[in-house]
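# Secondary and tertiary structure notes
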Amino acid sequence: MAANGRRYGFSGSITGAANKTIVGVTATATVRPSLLDLIISSNAVPADNSSEWQVMRFTAAGTSTAVVAAAYDSGDPASTSVCGKNHSVEPTYATVPLLDFAHNQRATVRWIAAPGEEIIAPATAANGFGVFCVGVAGVGVVELASIVFSE
Amino acid sequence: MREHGAIITDGIQTASTQKCGHCGGHFIVVKSGYLPYCHQCDRITCGRLACLEHIPLEAQLEYAEGKKTQYDDAIRKIRRG
(Lines give C-alpha, C1' and ligand atoms only; values in the text may rest on other atoms or scores of the structure.)
Protein backbone atom coordinates (compact mmCIF):
# COMPACT_ATOMS: atom_id res chain seq x y z
CA MET A 1 0.00 0.00 0.00
CA ALA A 2 1.70 3.11 -1.23
CA ALA A 3 0.23 5.44 1.37
CA ASN A 4 1.86 3.47 4.18
CA GLY A 5 5.30 3.26 2.59
CA ARG A 6 8.34 5.24 3.52
CA ARG A 7 8.10 8.84 2.34
CA TYR A 8 10.85 10.88 0.74
CA GLY A 9 11.05 14.34 -0.72
CA PHE A 10 13.32 16.36 -2.94
CA SER A 11 13.18 19.28 -5.32
CA GLY A 12 14.65 20.44 -8.58
CA SER A 13 14.86 23.57 -10.67
CA ILE A 14 15.17 24.34 -14.36
CA THR A 15 14.86 27.27 -16.67
CA GLY A 16 11.54 26.40 -18.24
CA ALA A 17 11.86 24.97 -21.74
CA ALA A 18 9.82 22.70 -23.94
CA ASN A 19 10.33 18.98 -23.44
CA LYS A 20 12.53 19.35 -20.40
CA THR A 21 12.36 17.16 -17.29
CA ILE A 22 12.71 18.88 -13.94
CA VAL A 23 12.67 15.86 -11.59
CA GLY A 24 12.46 12.11 -11.99
CA VAL A 25 12.18 9.06 -9.76
CA THR A 26 13.47 5.73 -11.06
CA ALA A 27 12.26 2.46 -9.60
CA THR A 28 14.29 -0.65 -8.97
CA ALA A 29 13.19 -4.26 -9.17
CA THR A 30 12.27 -4.18 -5.49
CA VAL A 31 10.16 -1.05 -5.04
CA ARG A 32 7.25 0.69 -6.73
CA PRO A 33 7.65 4.44 -6.19
CA SER A 34 4.41 6.40 -5.82
CA LEU A 35 3.99 10.11 -6.30
CA LEU A 36 2.04 11.64 -3.42
CA ASP A 37 2.56 15.35 -3.71
CA LEU A 38 3.87 17.76 -6.34
CA ILE A 39 4.44 21.50 -6.07
CA ILE A 40 5.34 23.66 -9.07
CA SER A 41 6.34 27.28 -8.56
CA SER A 42 8.67 29.92 -9.91
CA ASN A 43 11.25 32.17 -8.30
CA ALA A 44 11.72 34.33 -11.39
CA VAL A 45 10.82 38.03 -11.42
CA PRO A 46 6.99 38.02 -11.38
CA ALA A 47 5.48 38.14 -14.86
CA ASP A 48 2.54 36.64 -16.69
CA ASN A 49 4.11 33.59 -18.28
CA SER A 50 2.33 30.28 -18.48
CA SER A 51 3.81 26.81 -18.60
CA GLU A 52 2.39 23.33 -19.02
CA TRP A 53 3.54 20.38 -16.93
CA GLN A 54 2.97 16.66 -17.14
CA VAL A 55 3.79 13.67 -15.01
CA MET A 56 4.64 10.69 -17.18
CA ARG A 57 5.98 7.19 -16.73
CA PHE A 58 9.23 6.37 -18.45
CA THR A 59 10.95 3.17 -19.48
CA ALA A 60 14.49 4.54 -19.69
CA ALA A 61 15.71 7.01 -17.11
CA GLY A 62 17.91 9.27 -19.22
CA THR A 63 20.74 11.24 -17.58
CA SER A 64 20.24 13.60 -14.68
CA THR A 65 21.91 15.19 -11.69
CA ALA A 66 21.62 12.67 -8.86
CA VAL A 67 19.73 13.76 -5.76
CA VAL A 68 19.59 12.15 -2.34
CA ALA A 69 15.95 12.37 -1.33
CA ALA A 70 15.29 13.32 2.29
CA ALA A 71 13.42 10.74 4.32
CA TYR A 72 10.37 12.15 6.12
CA ASP A 73 11.12 9.84 9.02
CA SER A 74 14.72 10.31 10.06
CA GLY A 75 14.78 6.66 11.16
CA ASP A 76 14.18 5.42 7.61
CA PRO A 77 17.02 4.29 5.38
CA ALA A 78 17.91 6.08 2.15
CA SER A 79 15.41 5.62 -0.63
CA THR A 80 15.80 2.59 -2.86
CA SER A 81 14.40 4.52 -5.79
CA VAL A 82 16.92 6.62 -7.65
CA CYS A 83 16.18 10.34 -7.78
CA GLY A 84 17.38 12.84 -10.33
CA LYS A 85 16.84 16.43 -11.42
CA ASN A 86 17.62 18.77 -14.29
CA HIS A 87 17.96 16.04 -16.92
CA SER A 88 20.59 16.46 -19.63
CA VAL A 89 19.33 13.41 -21.51
CA GLU A 90 15.57 13.08 -21.42
CA PRO A 91 13.96 9.86 -20.22
CA THR A 92 12.05 7.72 -22.72
CA TYR A 93 8.50 8.58 -21.81
CA ALA A 94 5.27 6.71 -22.38
CA THR A 95 2.76 8.49 -24.55
CA VAL A 96 0.04 8.97 -21.94
CA PRO A 97 0.42 11.72 -19.33
CA LEU A 98 -0.60 10.71 -15.82
CA LEU A 99 -1.22 14.30 -14.80
CA ASP A 100 -1.37 17.37 -16.99
CA PHE A 101 -1.84 20.95 -15.87
CA ALA A 102 -0.67 24.47 -16.61
CA HIS A 103 0.12 27.34 -14.31
CA ASN A 104 0.84 31.03 -14.42
CA GLN A 105 4.33 31.90 -13.25
CA ARG A 106 2.86 34.06 -10.51
CA ALA A 107 0.93 31.15 -9.02
CA THR A 108 2.18 28.20 -7.01
CA VAL A 109 0.35 25.01 -7.91
CA ARG A 110 0.21 21.91 -5.79
CA TRP A 111 -1.26 18.51 -6.62
CA ILE A 112 -1.85 16.01 -3.85
CA ALA A 113 -3.14 12.46 -4.10
CA ALA A 114 -5.75 10.99 -1.82
CA PRO A 115 -4.45 8.00 0.18
CA GLY A 116 -4.31 4.94 -2.07
CA GLU A 117 -4.69 6.99 -5.25
CA GLU A 118 -1.06 7.89 -5.86
CA ILE A 119 0.64 7.81 -9.26
CA ILE A 120 2.56 4.54 -9.32
CA ALA A 121 5.49 3.27 -11.38
CA PRO A 122 6.27 -0.44 -11.78
CA ALA A 123 9.05 -2.11 -9.83
CA THR A 124 11.29 -2.43 -12.86
CA ALA A 125 14.81 -1.09 -13.23
CA ALA A 126 15.03 2.11 -15.32
CA ASN A 127 11.25 2.59 -15.11
CA GLY A 128 9.76 5.42 -13.14
CA PHE A 129 8.02 8.75 -13.47
CA GLY A 130 9.18 12.23 -14.31
CA VAL A 131 7.81 15.75 -14.05
CA PHE A 132 8.14 17.26 -17.46
CA CYS A 133 7.76 20.78 -18.88
CA VAL A 134 5.74 20.54 -22.07
CA GLY A 135 6.20 24.17 -22.94
CA VAL A 136 6.60 27.64 -21.48
CA ALA A 137 5.65 31.09 -22.67
CA GLY A 138 8.47 33.48 -21.90
CA VAL A 139 12.22 33.32 -21.73
CA GLY A 140 14.37 32.61 -18.69
CA VAL A 141 11.48 31.53 -16.49
CA VAL A 142 13.03 29.56 -13.65
CA GLU A 143 10.63 26.89 -12.39
CA LEU A 144 10.89 24.82 -9.25
CA ALA A 145 9.37 21.45 -8.49
CA SER A 146 9.15 19.73 -5.13
CA ILE A 147 7.84 16.21 -4.87
CA VAL A 148 7.02 13.72 -2.18
CA PHE A 149 7.02 10.05 -3.07
CA SER A 150 6.68 6.84 -1.15
CA GLU A 151 8.06 3.36 -1.73
CA MET B 1 -17.97 11.23 -5.67
CA ARG B 2 -14.76 10.82 -3.67
CA GLU B 3 -11.92 12.84 -5.13
CA HIS B 4 -8.68 11.02 -5.82
CA GLY B 5 -6.52 14.11 -5.93
CA ALA B 6 -6.69 17.85 -5.56
CA ILE B 7 -5.08 20.76 -7.36
CA ILE B 8 -4.38 23.70 -5.08
CA THR B 9 -3.47 27.08 -6.50
CA ASP B 10 -1.99 29.62 -4.09
CA GLY B 11 -3.48 27.71 -1.18
CA ILE B 12 -7.00 27.41 -2.58
CA GLN B 13 -8.32 24.17 -4.06
CA THR B 14 -9.17 24.93 -7.66
CA ALA B 15 -9.86 21.45 -9.06
CA SER B 16 -10.36 17.82 -8.15
CA THR B 17 -8.80 14.92 -9.97
CA GLN B 18 -9.98 11.36 -10.48
CA LYS B 19 -7.64 8.43 -11.07
CA CYS B 20 -8.25 6.19 -14.05
CA GLY B 21 -8.64 2.59 -12.93
CA HIS B 22 -6.83 1.38 -16.04
CA CYS B 23 -3.83 3.65 -16.83
CA GLY B 24 -3.54 5.14 -13.34
CA GLY B 25 -3.47 8.69 -14.67
CA HIS B 26 -5.20 11.54 -12.89
CA PHE B 27 -7.48 13.86 -14.79
CA ILE B 28 -9.35 16.99 -13.78
CA VAL B 29 -13.05 16.46 -13.25
CA VAL B 30 -15.51 18.77 -14.95
CA LYS B 31 -18.82 18.71 -13.08
CA SER B 32 -21.02 18.51 -16.12
CA GLY B 33 -18.69 16.18 -17.99
CA TYR B 34 -19.37 12.54 -18.85
CA LEU B 35 -17.15 10.15 -16.91
CA PRO B 36 -16.59 6.72 -18.48
CA TYR B 37 -17.06 3.94 -15.99
CA CYS B 38 -15.72 0.38 -15.87
CA HIS B 39 -18.20 -1.92 -14.16
CA GLN B 40 -15.58 -4.65 -13.78
CA CYS B 41 -13.21 -2.35 -11.90
CA ASP B 42 -16.07 -0.41 -10.32
CA ARG B 43 -14.03 2.69 -11.08
CA ILE B 44 -14.06 5.71 -13.35
CA THR B 45 -11.67 5.62 -16.30
CA CYS B 46 -10.09 8.45 -18.25
CA GLY B 47 -11.91 7.55 -21.47
CA ARG B 48 -8.84 7.28 -23.67
CA LEU B 49 -9.12 4.66 -26.37
CA ALA B 50 -6.47 2.49 -24.71
CA CYS B 51 -8.45 2.59 -21.47
CA LEU B 52 -11.83 1.54 -22.85
CA GLU B 53 -11.06 -2.16 -22.45
CA HIS B 54 -10.95 -3.57 -18.92
CA ILE B 55 -7.25 -3.93 -18.13
CA PRO B 56 -6.68 -3.10 -14.46
CA LEU B 57 -3.75 -0.89 -13.48
CA GLU B 58 -2.34 -3.66 -11.30
CA ALA B 59 -2.16 -5.98 -14.33
CA GLN B 60 -0.39 -3.30 -16.36
CA LEU B 61 2.16 -2.75 -13.57
CA GLU B 62 2.74 -6.50 -13.24
CA TYR B 63 3.17 -6.80 -17.00
CA ALA B 64 5.84 -4.08 -16.88
CA GLU B 65 7.51 -6.00 -14.06
CA GLY B 66 7.74 -9.08 -16.28
CA LYS B 67 5.03 -11.05 -14.49
CA LYS B 68 2.40 -13.03 -16.34
CA THR B 69 -1.17 -11.78 -16.14
CA GLN B 70 -4.44 -12.85 -17.71
CA TYR B 71 -4.45 -9.53 -19.58
CA ASP B 72 -1.12 -9.97 -21.38
CA ASP B 73 -2.62 -10.28 -24.86
CA ALA B 74 -4.81 -7.23 -24.34
CA ILE B 75 -1.88 -5.20 -22.97
CA ARG B 76 0.27 -6.11 -25.96
CA LYS B 77 -2.59 -5.09 -28.24
CA ILE B 78 -3.02 -1.62 -26.71
CA ARG B 79 0.75 -1.07 -26.66
CA ARG B 80 0.89 -1.78 -30.36
CA GLY B 81 -1.79 0.88 -30.75
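Residues numbered from 1 in each chain as written. Chains lettered and ligands numbered in written order. Predicted model: local features only at pLDDT ≥ 70, side-chain atom pairs only at ≥ 80, totals over all residues. Heavy atoms only, no water.

## Topic: the pattern of salt bridges
Residue and element names in this part refer to chain A. Throughout the structure, instances matching the rule amount to nine salt bridges over all chains. The shortest N-O distance in the salt bridge between R106 and D48 comes to 3.0 Å. In this pair, R106 sits in the loop between β8 (92-104) and β9 (109-113) while D48 sits in the loop between β3 (34-42) and β4 (50-60), placing the two residues 58 residues apart along the sequence. For R106, a relative accessible area of 49% translates into the label partly exposed. (Salt bridge = Lys/Arg side-chain N within 4 Å of Asp/Glu carboxyl O. Helix = DSSP H or I, 4+ residues; strand = E, 2+ residues; numbered from the N terminus. Buried < 20%, exposed > 50% of the residue type's maximum accessible area, 1.4 Å probe, protein only.)

## Some remarks on the pairing of strand β7 (residues 82-89) of chain A
Residue and element names in this part refer to chain A. The pairing of strand β2 (residues 20-26) with β7 spans four bridges and is classified as antiparallel. Within β7, the residue paired with V25 across the bridge is C83. Pairing geometry for strand β5 (residues 63-67) and β7, over four bridges, is antiparallel. Note on β7: the bridge partner recorded for V67 is C83. (Pairing = 2+ DSSP bridges.)

## Notes on helix α2 (residues 72-80) of chain B
Each turn of an α-helix holds 3.6 residues, which means side chains three or four residues apart point in the same direction. Residues and elements named next belong to chain B. By the burial criterion, the buried members of α2 are D72, A74 and I75. Projection of α2 onto a plane perpendicular to its axis shows the buried side chains occupying an angular sector of 160 degrees, all on one side. What points out from α2, more than 90 degrees from its buried face, is the exposed set D73 and R80. On its buried face, α2 sits against α1 (57-64). (Arc of directions from axis to C-beta. Contact = heavy atoms within 4.5 Å.)

## Describing the side chain of N49 of chain A
Residues and elements named next belong to chain A. Checked against the element boundaries, N49 lands in the loop between β3 and β4. N49 sits in the buried class, given a relative accessible area of 17%. Leave out the neighbours within four places in its chain, and N49 touches H103, N104, Q105, A137, G138 and V141.

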